[in-house]
Amino acid sequence: MTDTLLPNGIEDSGGDAKYFKRGCNPLAQTGRSKLQNTRAGLNQQIIKQMRMRAGAENLLKATNNNKVKEMVLLELSYVNSNLQLLMGQLEGLNSSVDVYQSSQETAHIPLIALGLKETKEVDFSAPFKDYILEHYNEDGRSFEEEIADLMDLRQACRTPSRNDAGVELLAKYYGHLPLIENRFFSPTRQTGIFFTWYDSFTGVPVCQQNLSLEKASVVFNIAALYSQIGTRSNRQKAAGLEEAISAFQKAAGMLNHLKETFTHTPSYDMSPAMVSMLIRLMLAQAQECIFEKIALPGIMNQFNSLIKMAQEAAKVSEIYDQVHQSMIQMPIKDNVPFFWSTMSLVKTNHYRAIAHHFMASALLDHELGPNDDEDQQEKTLSQVYDQLPEGCSPLDILKDKDERERIGKAHMRRAIASHEEALRNHGLCQQQDKHDVLQEILKASHQRSLNKYTDFESEEEFADYIEAPDIISKTEHKAEMELPASTKVKVIDFFQRLGPLSVFSAKQKWTPPRKILVCAEDRDLGFTLKGEAPVQVVSLDPLSKAAADGLKEGDYIVAVGDRDTKWMGVSDMMRLLKDVDEEGIEIQVVSMIDNSPTMPTKSATFSGNLPKTYSMICLAYNDDDKASKSRKVAKKSSFLSWGLKNKTKSASTLSLPTSDQTGTLPWNKPIPTFPSSSSYNDTSFH
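Keep in mind that this is a model prediction, so the values were computed, not measured.

Some points on the confidence of the model for the protein
Mean pLDDT over the protein stands at 78; residues scoring 70 or higher make up 75%. Predicted confidence is poor over residues 1-18, with pLDDT under 50, and the contacts of this stretch with residues over four places away or in other chains come to 27 contacts. Low pLDDT, under 50, characterises residues 599-686; the predicted model gives this stretch 187 contacts beyond four residues in sequence or across chains.

This is the structure:
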């Protein structure tokens, strides 16, 4: 097994060291791992109940016996009741934010982390061995180690560690998936491999035979892991807050990548509406951490500083309000935990209250003095409000002590009202009762505003109670989506021994390897070569011994003697064939076969007991393709002239090598790529 390490000296009962891939430790007994194990168990129970419900519904449609119908209806009521209980437990897991928080957290509002999507194990062994034998004409058993490494990597991705190493592990597997897809997933043939992933919110399984679901789910889990890294960060220190901000921005970036890349998602937790909401949530939490970072060193009790913090808090409140509005829209409302929508509403009111508290403090605690910059304060105050009470201007507020106090008290009353609303919302959610830290923060903030208002309240005062104007939100550091560089990690193809992927892929077909005896006549083999790897036969002399033995123009040389030459370029091949004498040497060649796929039918995705989704695949063929024109046989060239005559033909290219520059040969026709179709488990999801 490659890329392994010994984690923390863990040993099994026999004393032999247990090795796991870097970034993975399935034996770690953390609260997060236990939570994920519980999630996996609930997913299994949910799919069992859904199968029972599907069977009962089918029986109900098939029978005409009233007694049987009554029994089936009774069974259905039990199954639906069990499903509701299981869904409730899963919602409770998604509401368990405490296990994701930093162990040092004692005085911060909890943040929400995404749970990892669960998946079933996949056995690539038999399908890949069969495919290597049938498609690549090689012994699949010789690739057992590579297949095992791939399976180990996928298994490790089910339990990634909550750090950069875990992200790198997922990114590494994600980098391998396009290579695996090009090697083994043909557009005209099913592999028989099923990928099953569970919806992170509902536990509903989705099963597909292509790799699109696998790719999208890994991207979702990378985003989820970044969200967990963000919630784990120590927000009592500036470095921890920087880590949290970066992690949440990267989580939003990965979710945006998921939304833009995979447009037809069969799993609802990866649907455009849900992903858009999750992006807003991640950015809101990043903005919250930005606010905490600004406040961490302490807030200077100065007019401009307090105004700045008021607008920063208003920005956080505004973003959380947008998150809450998206959470309460149907059908997101039915799938998002009630705790999440309640938490977003609590934070909306809490940070709105903080904004009004800071604004009130700026007006009540600071009067315009002779040494103050009147123009600067007037400009600052004018940028806080969209609209002031009638007959009131920023300069009037600054100069008139009574007016200043009147507006300041209005802000404090609004702060108290928002604090009370946050406490009320907190009490409506059962899961919120478990978060003592959050409740203490809300109560302390409320009491602070009450005390401040009491200090300025006069029993003899009886003034008109005006409504405090809204505060314009503003921030100096807006949270932005960030696509992490770690997702672009370079990987080495597990199956590079099969040959260059530009030629030896699942989209191409070849003849079985043919053995050709190549002999030199006056140091001339009767053909020339072009291409980088693998080299291709061109300018074949039809009168040469190689042609008589079955060599064709356009053949790829895959072996010389016992040596594999799939990765050998023209220069190396020339050196290898340089000393061929009249007795000759045996080479192996393959010929490309025209592989024009037919129009597929509709394809369906199995998604638990949910409605199936269909989409038509439209293929775009090149109408300009014409039959190959007849070509004259090139003049017999000397073996020693290869390097000069074909210098311009030896350029490396990432596309399929061709024997002419016009692209009119049959094997150079563009081959449309499209998802395979089946009657049950495939999709056009991309």
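With respect to the packing of helix 4 (residues 144-156) against helix 5 (residues 164-184)
Here helix 4 crosses helix 5 at 135°, and the two axes come no closer than 9 Å. Taken as axis vectors, helix 4 and helix 5 run oblique relative to one another. Taken as a pair, helix 4 and helix 5 cross one another with a handedness that is left-handed. On helix 5, the residues that touch Leu150, Leu153, Arg154 and Ala156 of helix 4 are Leu169, Lys172, Tyr173, His176 and Ile180. Residues belonging to the contact of helix 4 with helix 5 are distributed by class as follows: six nonpolar, one polar and two charged.

Focus on the environment of Tyr174
In this structure, Tyr174 sits in helix 5. It is 9.1 Å that separates the C-alpha atoms of Tyr174 and Val489, two residues lying 315 residues apart in sequence. Those residues within four positions of Tyr174 in sequence are excluded, and the remaining contacts are Lys215, Val218, Val219, His257 and Phe262. A distance of 3.4 Å separates a polar atom in the side chain of Tyr174 from a polar atom in the side chain of His257.

Points about the pattern of salt bridges
The full count for this structure, using the stated rule, is 24 salt bridges. As a salt-bridge pair, Glu292 and Arg235 come within 2.6 Å of each other at their nearest N and O atoms. Of this pair, Glu292 sits in helix 8 (residues 272-295) while Arg235 is found in the loop between helix 6 (212-232) and helix 7 (238-261), placing the two residues 57 residues apart along the sequence. Of the two residues, Glu292 and Arg235, both sit in the buried class. Linked through salt bridges whose partners overlap, the residues forming this network are Glu138, Asp564 and Lys566.

Thresholds, definitions, all that
Residues numbered from 1 in each chain as written. Predicted model: local features only at pLDDT ≥ 70, side-chain atom pairs only at ≥ 80, totals over all residues. Heavy atoms only, no water. pLDDT = per-residue confidence, 0-100. Contact = heavy atoms within 4.5 Å. Axes fitted to C-alpha atoms, helices over the stretch in contact; angles between N-to-C directions. Helix = DSSP H or I, 4+ residues; strand = E, 2+ residues; numbered from the N terminus. Parallel < 35°, antiparallel > 145°, perpendicular 65-115°, else oblique. Left-handed = near helix turned anticlockwise from the far one by under 90°. Nonpolar A, V, L, I, M, F, W, Y, C, P; charged D, E, K, R; others polar. Polar contact = N/O pair within 3.5 Å; in protein donor to acceptor, adjacent residues only side chain to side chain. Salt bridge = Lys/Arg side-chain N within 4 Å of Asp/Glu carboxyl O. Buried < 20%, exposed > 50% of the residue type's maximum accessible area, 1.4 Å probe, protein only.

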